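Structural features, examined
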Amino acid sequence: MTDSINENEVKTEQPEEVKTPKMMAERDVEAVSKKQLAIKIISQIALYLFLTVMAVIVLFPFYWMLMSSVKTKEEYDLTVPTFWPTMGLRFATYIEAFNKIDFGRVFLNTVLVGVVSTILSLIITILSAYAFARFNFKGKNVLFAAMLATMMIPGELFTITNYITVVNNFKWADSAVGTFSALVIPFLVSIFYIYLLRQNFMQIPNELYLAAKVDGTSDFKYLWKVMVPLAAPTLISITILKMMGAWNTYIWPDLILATSEAPLELMTVALRNAPWGEVGAIDYPVQMAAVVIATVPLLIVFLLFRKYIIRGVSRSGTKG
């Protein structure tokens, strides 16, 4: 009887699973994959959380500017600020802003200075970048390094010397043409733009240049027909950045226009010098409305062409 029970127990026992190296490796891979997936999910959550916080930090000033422009002065002067107009939306601030600033004249002046300075700056940038990218001349690397070194110097340090040269020596602030020249010429050369375009030109294969020379193409024609079209994204980026810089500049136009009687007031100077009220009683909602009006054109341009800025900078930052 005992033997039969033992035999039944032996028969009902299940054989242990034999773990082969292949099965163990598959389990290890599965465990690592789950761990990597968890790490990836956590990192993505942290990344999007960080980007959300940074987006709020960047966009909040624009939100505050927009909300302040439609508040009443009484609500804006409250001790505890409100994040939404609780006394109603007051769009009359935009009409008052138009009455305080001649936006049509100021807009045309700013666009004129921006367009002329951008065109001349593009010509200088293209020719300089082409020379440093394709021509071999004595001292080229030393000269380019010296130019890059000037980028370490803040532009404000050149303001005094430029002002003395333009106003005292050239007497440009004595006439409308001279004032326009003083607003455009001193800052036509940008070492950063030359460096950016030079890096893009250096990515163009040298075989294209040699083939063009075999066909009898001149250097200027090769630049215009080959290199400029291939570097179009970078040139578009430079154009947009230069226009944005001309639109936002303040210190230099304020200095020049302070000693000139020419009616060439730019947007930033007009916003600063407009009669917003007496000290301690400034109508900030109307001032914010004027800032919104001045910001909208630049914001539209940036939103429409932001991909060209990113594409141009990214192409200039890589070689190959």
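Residues numbered from 1 in each chain as written. Predicted model: local features only at pLDDT ≥ 70, side-chain atom pairs only at ≥ 80, totals over all residues. Heavy atoms only, no water.

Another aspect to go through is the overall build of the chain. Scanning the chain from N- to C-terminus turns up 15 helices and zero strands. In the chain, buried positions account for 32% of the 320 residues. Taking the intrachain contacts of the chain between residues at least 6 apart in sequence as the baseline, contacts between residues at least 24 apart amount to 71%. (Helix = DSSP H or I, 4+ residues; strand = E, 2+ residues; numbered from the N terminus. Buried < 20%, exposed > 50% of the residue type's maximum accessible area, 1.4 Å probe, protein only. Contact = heavy atoms within 4.5 Å.)

Running from amino to carboxyl end, helix α7 (residues 159-169) crosses helix α13 (residues 251-258) at an angle of 30 degrees, the nearest separation of the two axes being 11 Å. Here α7 lies roughly parallel to α13, going by the angle between them. Both α7 and α13 take part in a crossing whose hand is right-handed. Within the contact between the two elements, α7 uses Thr159, Asn162, Tyr163, Val166 and Val167 and α13 uses Trp252, Leu255 and Ile256. The residue makeup of the contact of α7 with α13, split by class, is six nonpolar, two polar and no charged. (Axes fitted to C-alpha atoms, helices over the stretch in contact; angles between N-to-C directions. Parallel < 35°, antiparallel > 145°, perpendicular 65-115°, else oblique. Left-handed = near helix turned anticlockwise from the far one by under 90°. Nonpolar A, V, L, I, M, F, W, Y, C, P; charged D, E, K, R; others polar.)

Detailed reading of predicted coordinates is not advised where the pLDDT is low. Summing up the model confidence of the chain, the mean pLDDT is 84 and the portion of residues at 70 or higher is 87%. Per-residue pLDDT, averaged within each element of the chain, yields its smallest value for helix α1 (residues 2-12) (50) and its largest for helix α5 (residues 103-134) (92). (pLDDT = per-residue confidence, 0-100.)

According to the stated counting rule, one finds 15 aromatic pairs in the structure shown. With centroids separated by 6.1 Å and ring planes inclined at 50 degrees, the aromatic side chains of Phe132 and Phe137 adopt a geometry described as tilted. Of the residues examined, Phe132 reaches a relative accessible area of 8% and is grouped as buried. Overall, the relative accessible area of 38% leaves Phe137 in the partly exposed class. Look at Tyr209 and Tyr222: their rings are 5.2 Å apart centre to centre, the planes differ by 70 degrees, and that puts the pair in the edge-to-face class. Pair noted here: Tyr209 is in helix α10 (residues 206-214) and Tyr222 is in helix α11 (residues 219-230), with a separation of 13 residues, a long-range link. Tyr222 shares its class with Tyr209; the two are buried. Grouped by ring-pair contacts, the aromatic residues Phe60, Tyr63, Trp64 and Phe83 constitute a single cluster. The aromatic ring of Trp64 is capped on one face by Lys71, whose charged end is 4.5 Å from the ring centroid. (Phe/Tyr/Trp six-rings, centres within 6.5 Å; stacked < 30°, edge-to-face > 60°. Lys NZ or Arg CZ within 6 Å of the ring centre and 35° of its normal.)

Applying the stated criterion across every chain, the model contains five salt bridges. For the salt bridge of Asp77 with Lys73, the shortest nitrogen-to-oxygen distance reads 2.8 Å. Judged by its relative accessible area of 45%, Asp77 falls in the partly exposed class. Between Arg90 and Glu96 there is a salt bridge whose closest N-O contact spans 2.6 Å. On the basis of relative accessible area, Arg90 is assigned to the partly exposed category, the value being 26%. (Salt bridge = Lys/Arg side-chain N within 4 Å of Asp/Glu carboxyl O.)

A separate point is the nonpolar core. Formed by 23 residues in total, the largest nonpolar core has its most connected members in Ile101, Met267 and Ala290. Mapped onto this core, the elements with two or more residues apiece are α4 (92-100), α5, α12 (232-248), α14 (267-273) and α15 (284-316). Element by element, the count of residues in this core is highest for α15, at eight residues. Once you skip the residues sitting within four places of it in the chain, Ala290 turns out to touch Ala97, Ile101, Phe103, Leu271 and Trp276. Judged by nonpolar contacts, the second largest core, of 19 residues, contains Ile126, Leu196, Ala212 and Ala231. (Core = buried A, V, L, I, M, F, W, Y, C linked by side-chain atoms within 4.5 Å.)

Among the residues of α4, those classed as buried are Thr93, Tyr94 and Ala97. End-on, the buried residues of α4 take up no more than an arc of 100 degrees, which puts them together on one face. Exposed residues on α4 whose side chains face more than 90 degrees from its buried face are Ile95 and Asn99. (Arc of directions from axis to C-beta.)

Bringing the environment of Met65 into the picture now. For Met65, the position within the fold is in helix α2 (residues 21-69). Counting along the chain gives 227 residues from Met65 to Val292, while the straight-line C-alpha distance between them is 7.2 Å. With residues up to four places along the chain from it excluded, the contact list for Met65 reads Met288, Val291, Val292 and Thr295.

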